[in-house]
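Topology and contacts: notes
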Amino acid sequence: MATRHDTAAPPAKEGGAAPARASAGAAPTEAGQRHRARLSRRWQRDIRWSPYAFVSPFFLLFLAFGLFPLIYTGWASLHQVELTAPTDMEWVGLRNYTRIFDDDFFWNAAKNTLTIGIIATVPQLLMAMGLAHILNYKLRASTFYRVAMLAPYATSIAAASLVFVLLFGRDYGMINWALHQVGIGAVDWQNDKWPSQFAVSSIIIWRWTGYNALIYLAAMQAIPQDLYESAALDGASRWRQFLHVTLPALRPTVLFTVVVSTIGASQVFGEPLLFDANKGASGGAEHQFQTLGLYLYEQGWVNQHLGRASAIAWTMFLILILVGIVNYVISRRLRASS
């Protein structure tokens, strides 16, 4: 007699195990979806706000040490403030500005700043261009030469200025000794107007030529070599390649270095301060190489007129803004012409 084997599952009772297993499988799915949603929202917040968190230290430092001093200096320039009582302010409006514009020493400092800037900037950038052009070719120990170019920039202003003071000494300086060997009399580098400005400019040239040379070198190495190869196939010499390939490609870089050097020249302070034989802020016995930076320091910390010094600082700031506007106009025209 055959035996019947029943393979059908018994009917599930209400509240049995089968419905419980189904609900247990659905619960983790819903929890996982909520977890993924929370992670997605967190990821979106991170993508949106983390860049601001990364750059916030710069802005906090800029607000504390850049923007606030600038605004406070502008406010102080409208008051009569003395260094002995910096919290006692007397409103004077634009009187500090009118007084410095009527001051002959201010215009003398402005002229000295302009002449020292021209004497220092033009040879500096020309020498930097030539050195970068030489270093752009394959040389042995090229890394050593590039590091040597940057060494003056890394040298202390005080140390460099003191060395140049010894070099330009009137009685025992090496420069006057070399001039004496070729039959030229001794030059009073610290007390005559133009010699003193040339001496101060030489310190600036020595410190910044290598720095600008490396900037030009980096720009030259970004020029495609195909342009030089095409010029060489057309029979252009290295000098013509420099004139017709290198210089046109370096126009934005040259403009940048001119603007940066102009800003730096308007802020020259350490070199003329340490070059003065009297170690004061007058820029020589007759103010022959007093710059705007020295004039500001003299008014604020020697004469103790903080309000007038603040007006000078804001005047220099407005000059830099004017330089920036000129840079923008010139660069825009260069881009349009190219």
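To keep things clear, this report deals only with the structure shown in the data block. Because the structure is predicted, anything quoted here is derived from the model rather than measured. (Residues numbered from 1 in each chain as written. Predicted model: local features only at pLDDT ≥ 70, side-chain atom pairs only at ≥ 80, totals over all residues. Heavy atoms only, no water.)

In this section: a nonpolar patch on the surface. Together, Trp 49, Tyr 52, Phe 54, Val 55, Phe 58, Phe 59, Leu 60, Phe 62, Leu 63, Leu 67 and Ile 71 line one region of the surface with nonpolar side chains, adding up to about 1200 Å² of accessible area. Here Phe 59 shows up in helix α1 (residues 17-76). (Patch = residues over 30% accessible without salt bridge, like charges linked within 9 Å, V, L, I, M, F, W, Y side chains within 5 Å. Areas by Shrake-Rupley, 256 points an atom, 1.4 Å probe, with all protein chains shown as cover. Salt bridge = Lys/Arg side-chain N within 4 Å of Asp/Glu carboxyl O. Helix = DSSP H or I, 4+ residues; strand = E, 2+ residues; numbered from the N terminus.)

Applying the stated criterion to the full structure yields 22 aromatic pairs. Each ring, one from Phe 58 and one from Phe 62, has its centre 6.2 Å from the other, and the planes form 15 degrees; the classification is stacked. With Phe 58 and Phe 62 both in helix α1 and four residues apart, this pair spans about one turn of that helix. With a relative accessible area of 52%, Phe 58 lands in the exposed category. Exposure remark for Phe 62: the relative accessible area of 41% places this residue in the partly exposed category. What links up through ring pairs into an aromatic cluster is the set Phe 164, Phe 168, Trp 189, Trp 206, Phe 275 and Phe 289. The cationic tip of Lys 193 hangs over the ring face of Trp 194; the distance from NZ or CZ to the ring centre is 5.5 Å. Positioned above the aromatic ring of Tyr 137, the side-chain terminus of Arg 238 is 4.2 Å from the ring centre. (Phe/Tyr/Trp six-rings, centres within 6.5 Å; stacked < 30°, edge-to-face > 60°. Buried < 20%, exposed > 50% of the residue type's maximum accessible area, 1.4 Å probe, protein only. Lys NZ or Arg CZ within 6 Å of the ring centre and 35° of its normal.)

With that out of the way, let us pick up unusual backbone geometry. Within the chain, His 287 stands out as a residue other than glycine whose phi angle is a positive 55 degrees. Along the chain, the position of His 287 falls in the loop between α11 (270-275) and α12 (292-302). Overall, the relative accessible area of 15% leaves His 287 in the buried class. At Gln 304, a position not held by glycine, the phi torsion is positive, near 65 degrees.

What follows covers the side chain of Ser 202. One can find Ser 202 in helix α7 (residues 193-221). Beyond its immediate sequence surroundings of up to four residues, Ser 202 is in contact with Phe 164 and Phe 168. (Contact = heavy atoms within 4.5 Å.)

A few words now on α12. For α12, a buried count of eight out of 11 residues is recorded, marking the element as mostly surrounded by other parts of the structure. Tucked inside the fold, the buried residues of α12 contact α2 (95-101), α3 (104-135), α10 (251-266), α11 and α13 (306-337). Just downstream of α12, Gln 304 is the residue with a positive phi angle, here 65 degrees.

Turning to helix α9 (residues 238-249), a few remarks are in order. Over its 12 residues, α9 runs 15 Å from end to end, which matches the ideal 16 Å to within 8%, given 1.5 Å per residue. All of the buried residues along α9 are Gln 241, Phe 242, Val 245 and Thr 246. Taken down its axis, α9 places every buried residue within 120 degrees of arc, on the same side. Away from its buried face, by an angle of more than 90 degrees, α9 presents the exposed residues Trp 239 and His 244. (Expected span 1.5 Å × (residues − 1). Arc of directions from axis to C-beta.)

All right, on to the nonpolar core then. Looking at soluble globular proteins, one finds that nonpolar side chains tend to be buried together. The biggest cluster of nonpolar side chains holds 15 residues, and the ones touching the most others in it are Phe 168, Trp 189 and Phe 275. Residue assignment for this core shows that the elements contributing at least two residues are α3, α5 (157-167) and α7. Tallying contributions element by element places α7 first for this core, with five residues. Contacts of Trp 189, omitting those with residues within four sequence positions, involve Phe 168, Ile 175, Asn 176, Leu 179, Pro 195, Ser 196, Ala 199 and Phe 275. Membership of the second largest hydrophobic core comes to 13 residues, among which are Leu 125, Ala 132, Ala 219 and Leu 250. (Core = buried A, V, L, I, M, F, W, Y, C linked by side-chain atoms within 4.5 Å.)

A separate point is the pattern of salt bridges. For the structure on display, the rule yields three salt bridges. The salt bridge partner of Asp 171 is Arg 170, with a shortest N-O separation of 3.5 Å. Take Asp 171: its relative accessible area is 55%, and that puts it in the exposed class. Between Arg 207 and Glu 271 there is a salt bridge, with the nearest N and O atoms lying 3.7 Å from each other. Of this pair, Arg 207 sits in helix α7 while Glu 271 is found in helix α11, placing the two residues 64 residues apart along the sequence.

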